[in-house]
Amino acid sequence: MTAPTGLTRRPPAAWASVAAEPGLGIDVALLALTALCMFHGLGIGPIRDTDEALYAAIAAAMAHGGSWIIPHLDGVPYIEKPPLLYWLMALTFKAFGVGAWQARLPDALAGWLTGVGCIALGRSTGAPLAGRFAALVTTTSLGFLLVSRTVLFDPLMGLFWLAAFAFVQLALDRRRRSWLRAAAVAVGLATLAKGPMPLALLGLVGASQIALAPQGRARGELLRFVLDPWAVALYLLVVVPWHLAASLQLPGFAWFYFVNETVMRFLGTRVPRDFHTGPWWYYGPKLLIGFFQWIGVMAATALLAPRLRGHGTAEFTARMARNAAVVWIVFFSAAGDKGAYYLLPTIPLLAWWLGVRLQTAQRATSCPRLQTGIGVGMLGFGICALAALALSWSAVLQAPMLRSGLPPAELDPLRQLLAGLSAAALLAGALQLRGRGGAALLLFGLLGLSMAGFSDRLSVAKTADVSQRDVARRLYARMPADTTVYSWRSFEDHDASLLLYGARQLRVIDSLSSDLRFGCAADPAARACVGPAAVLRSRAEDRPLAIWVARESLADFVASGLGRGMRSFAAKDSEVFYLPARPSAGMLASTGLPPRSNTR
């Protein structure tokens, strides 16, 4: 183990005046590029009927006067996750209104700030090239970019966890407990972003560091140093108030949140069983997709860059980042619940590790094999994009793309994207081979912007498949704003975005929803989960109503008789039944309901 683990004191890297700092213009240009990747076109695509709609609907309820202690989804408690993301989205909604880009802004900002943090760490440790490389790879990698432009907890959690990790390493290297206390606040915010898991992972990383420390006094000294009472107090100050308030307000919170959502989810025994599973190697392909265009560059750097043999701050943090990435991968590979975005922090961790090795190579007298390897990695991606372009005219690739859901009208834009990616990557590779490494990396980073733009275009083209935005527009063109909207049995991943596009509440008939299960049991009076009798009462009371029905459930709905006498219109994967006005006596007779007088 290197000397910093034994707490050898080192003076912190000196910070020059910001205005006079060499490379400031490069950092500004890099951050502008990454900001363009993160924020451009953020609201082009509609809110999707996935976690996006669920989380945005919770935040919208908060912004419109709902509880800021107990998150509510469709009017009932929803406590799978803590509230920090909801709070930030609610504040954004209050400031700018409810919409797609407003919902995605906190996560996109967290993704961009992760890149800012990489550059700041590079400057503070005397490794500016490492910081720039890590920032560029992180914020333009396809996986990191797409996840950060989606409403999820992981970009926000990742930002704070990575900050906590960096602060801990700086505390160990510089023997300053003030960094530990900053880490405590950061991991507390990560806990408020996604629950106890970030603390557990930081603890596992710390335990692995202590286990690898030299025997005897150094290990004990390290343990005493990190168990700082003030750091513990600050962590508790951040996390306890909300958890305590939620426990006092909602019976059953502690079991559902701590046991069911944390322990049982990891073990794969969570109730209800609505999580993703996969084999132990699940994350291998996901990491390749996560880095995507950077795979060749990363592989060349890992194989050809000098090993980290120094004991400086940058080298120490790089080794620890590599180890932390291994802990993340092993932890989630062992978990029963799996999701590609769970490993989001491993992208900046590995990018920092390889960035420091690149910095070490730059300081060496000569490293031509590495420069050539990076250029070949860029050229390799360009050649792959060119091959995909050629195959896009053949059934070998075209048929699988169409079967996967690519609209036929998007084939030509996809070919244009592939042509652009190929040209840019080949040019970047040529620049790299000619010794223009900085320009090559920036040009290669622009590929992320192109791919994010196509993703936005695709989400618009597939609006009918992924969102109810257009369905809501058609519905409210026919119906008043106070229409009571029902959903036949389904909710999440089907029609949840209706809550963002006009429906005040979705009343789910004979609900099969996993996300509403706990909330409907905890608060049945909220009427999110109802039976067929609720529809009959709405009709009897002459209320305007609509019922959203997934096409796969249409036969069951028709057999129920609830849609008799109602008008309907067809959407891509659903049928919407609606009753805008008082039904005729004949319609009432067909439903079995008694006629009503005109008096009230």
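Residues numbered from 1 in each chain as written. Predicted model: local features only at pLDDT ≥ 70, side-chain atom pairs only at ≥ 80, totals over all residues. Heavy atoms only, no water.

Novice: Please clarify how the overall build of the protein chain should be interpreted in this entry.
Specialist: The number of helices and strands found in the protein chain is 26 helices and eight strands. The C-alpha atoms of the protein chain give 27 Å as radius of gyration, which agrees with the globular expectation for 600 residues (25 Å, within 12%). Taken along its principal axes, the extent of the C-alpha atoms in the protein chain is 95 × 60 × 45 Å. In the protein chain, the proportion of contacts linking residues at least 24 apart, taken out of those at least 6 apart, comes to 75%. About 25,100 Å² of surface is accessible on the protein chain, with carbon and sulfur atoms providing 65% of the total. For the protein chain, the centre of its 55 positive side-chain charges and the centre of its 34 negative side-chain charges are spaced 8 Å apart. (Helix = DSSP H or I, 4+ residues; strand = E, 2+ residues; numbered from the N terminus. Rg over C-alpha atoms; globule rule 2.2 N^0.38 Å. Contact = heavy atoms within 4.5 Å. Areas by Shrake-Rupley, 256 points an atom, 1.4 Å probe, with all protein chains shown as cover. Lys, Arg positive; Asp, Glu negative; His and termini not counted. Charge placed at Lys NZ, Arg CZ, Asp CG, Glu CD.)

Novice: Help me out: how do you make sense of the state of the cysteines in this one?
Specialist: Between two cysteines, a covalent bond joining their sulfur atoms is known as a disulfide. With the rule as written, the count across this model stands at one disulfide. One disulfide bridge connects Cys 520 with Cys 529, the sulfur atoms lying 2.0 Å from each other. Judged by the sign of its S-S torsion, about 70 degrees, the cystine formed by Cys 520 and Cys 529 is right-handed. (Disulfide = S-S within 2.5 Å.)

Novice: Can you walk me through the pairing of strand β3 (residues 484-488) in this structure?
Specialist: Every other side chain in a regular strand lies on the same face of the sheet, so the side chains alternate between the two faces. Summarising burial for β3: five of the five residues are buried, a large majority. Both β3 and strand β6 (residues 545-550) contribute to a ladder of four bridges, which runs parallel. Residue pairing for β6: Thr 484 is matched across the bridge by Leu 545. (Buried < 20%, exposed > 50% of the residue type's maximum accessible area, 1.4 Å probe, protein only. Pairing = 2+ DSSP bridges.)

Novice: Looking at this model, I keep getting lost on helix α17 (residues 368-391). Mind explaining?
Specialist: Three- or four-residue spacings in an α-helix give side chains the same orientation, since the helix completes a turn every 3.6 residues. For α17, with 24 residues, the first-to-last C-alpha span of 34 Å sits near the 34 Å given by 1.5 Å per residue. By the burial criterion, the buried members of α17 are Leu 370, Gly 373, Ile 374, Gly 375, Gly 377, Met 378, Phe 381, Gly 382, Ala 385 and Leu 389. The inward-facing, buried residues of α17 contact α14 (295-304), α16 (346-363), α19 (411-433) and α20 (437-461). (Expected span 1.5 Å × (residues − 1).)

Novice: What am I meant to see in unusual backbone geometry here?
Specialist: Both trends apply: most residues other than glycine have a negative phi, and most peptide bonds are in trans. At the junction of Val 271 and Pro 272, the peptide bond is cis and its omega measures out at -5 degrees in the coordinates. Tracing the chain through its elements places Pro 272 in the loop between α12 (253-267) and α13 (283-291). One non-glycine residue with positive phi stands out, namely Phe 292, at about 45 degrees. Considering the arrangement of structural elements, one finds Phe 292 in the loop between α13 and α14.

Novice: Sorry if this is basic, but what is going on with the side chain of Ser 538 here?
Specialist: Structurally, the position occupied by Ser 538 is in helix α24 (residues 532-540). Every residue in contact with Ser 538, bar those within four places of it in the chain, is listed here: Thr 484, Tyr 486, Arg 543 and Leu 545.

Novice: What is the right way to look at a nonpolar patch on the surface in this model?
Specialist: Together, Val 232, Leu 236, Val 240, Leu 244 and Leu 248 line one region of the surface with nonpolar side chains, adding up to about 460 Å² of accessible area. The topology assignment puts Val 240 in helix α11 (residues 229-249). What makes Val 240 partly exposed here is its relative accessible area of 36%. (Patch = residues over 30% accessible without salt bridge, like charges linked within 9 Å, V, L, I, M, F, W, Y side chains within 5 Å. Salt bridge = Lys/Arg side-chain N within 4 Å of Asp/Glu carboxyl O.)

Novice: Would you explain the packing of aromatic side chains in this entry?
Specialist: For any pair of aromatic rings, the description consists of the separation of the ring centres together with the inter-plane angle of the planes. Scanning the model with the defined rule gives 28 aromatic pairs in all. Aromatic side chains Trp 161 and Phe 165 sit 5.7 Å apart centroid to centroid with 5 degrees between the ring planes, which places their arrangement in the stacked category. Taken as a pair, Trp 161 and Phe 165 lie in helix α7 (residues 154-174) at a separation of four residues, close to a single helical turn. For the pair Trp 161 and Phe 165, one class covers both residues: buried. Pairwise contacts between aromatic rings join Trp 161, Phe 165, Phe 266, Trp 328, Phe 331, Phe 332, Tyr 341 and Tyr 342 into one cluster. Geometry around Trp 393 places Arg 415 over its ring, the cationic atom sitting 4.4 Å from the centre. (Phe/Tyr/Trp six-rings, centres within 6.5 Å; stacked < 30°, edge-to-face > 60°. Lys NZ or Arg CZ within 6 Å of the ring centre and 35° of its normal.)

Novice: Please explain the packing of helix α15 (residues 313-334) against α16 as it appears in this structure.
Specialist: Between two packed helices, both the angle of their axes relative to each other and the distance between the axes serve to describe the pair. Following both chains from N to C, one finds α15 and α16 inclined at 145 degrees, their axes separated by 8 Å at the closest point. For α15 against α16, the interelement crossing comes out left-handed. Residues Ala 314, Glu 315, Thr 317, Ala 318, Ala 321, Arg 322, Ala 324, Ala 325, Trp 328 and Ile 329 of α15 pack against Thr 346, Leu 349, Leu 350, Trp 352, Trp 353 and Val 356 of α16. Grouping the constituent residues of the contact of α15 with α16 by class yields 12 nonpolar, two polar and two charged. (Axes fitted to C-alpha atoms, helices over the stretch in contact; angles between N-to-C directions. Left-handed = near helix turned anticlockwise from the far one by under 90°. Nonpolar A, V, L, I, M, F, W, Y, C, P; charged D, E, K, R; others polar.)

Novice: Before we go on, may I ask you to explain the sheet that holds β6 in this structure?
Specialist: Sheet strands pair by backbone hydrogen bonding; their relative direction is either parallel or antiparallel. The sheet built from six strands is open, its strands ordered β5-β4-β3-β6-β8-β7 with mixed pairing. With partners counted over all chains shown, the strands left at the sheet margins are β5 (529-530) and β7 (567-570), one partner each. Here β6 runs beside strand β8 (residues 574-579); their pairing, made up of six bridges, is antiparallel. Within the sheet, the bridge partner assigned to Ile 547 lies in β8 and is Phe 577. Running at roughly 155 degrees to β7, helix α22 (residues 469-478) makes contact with β3, β6, β7 and β8 of the sheet.

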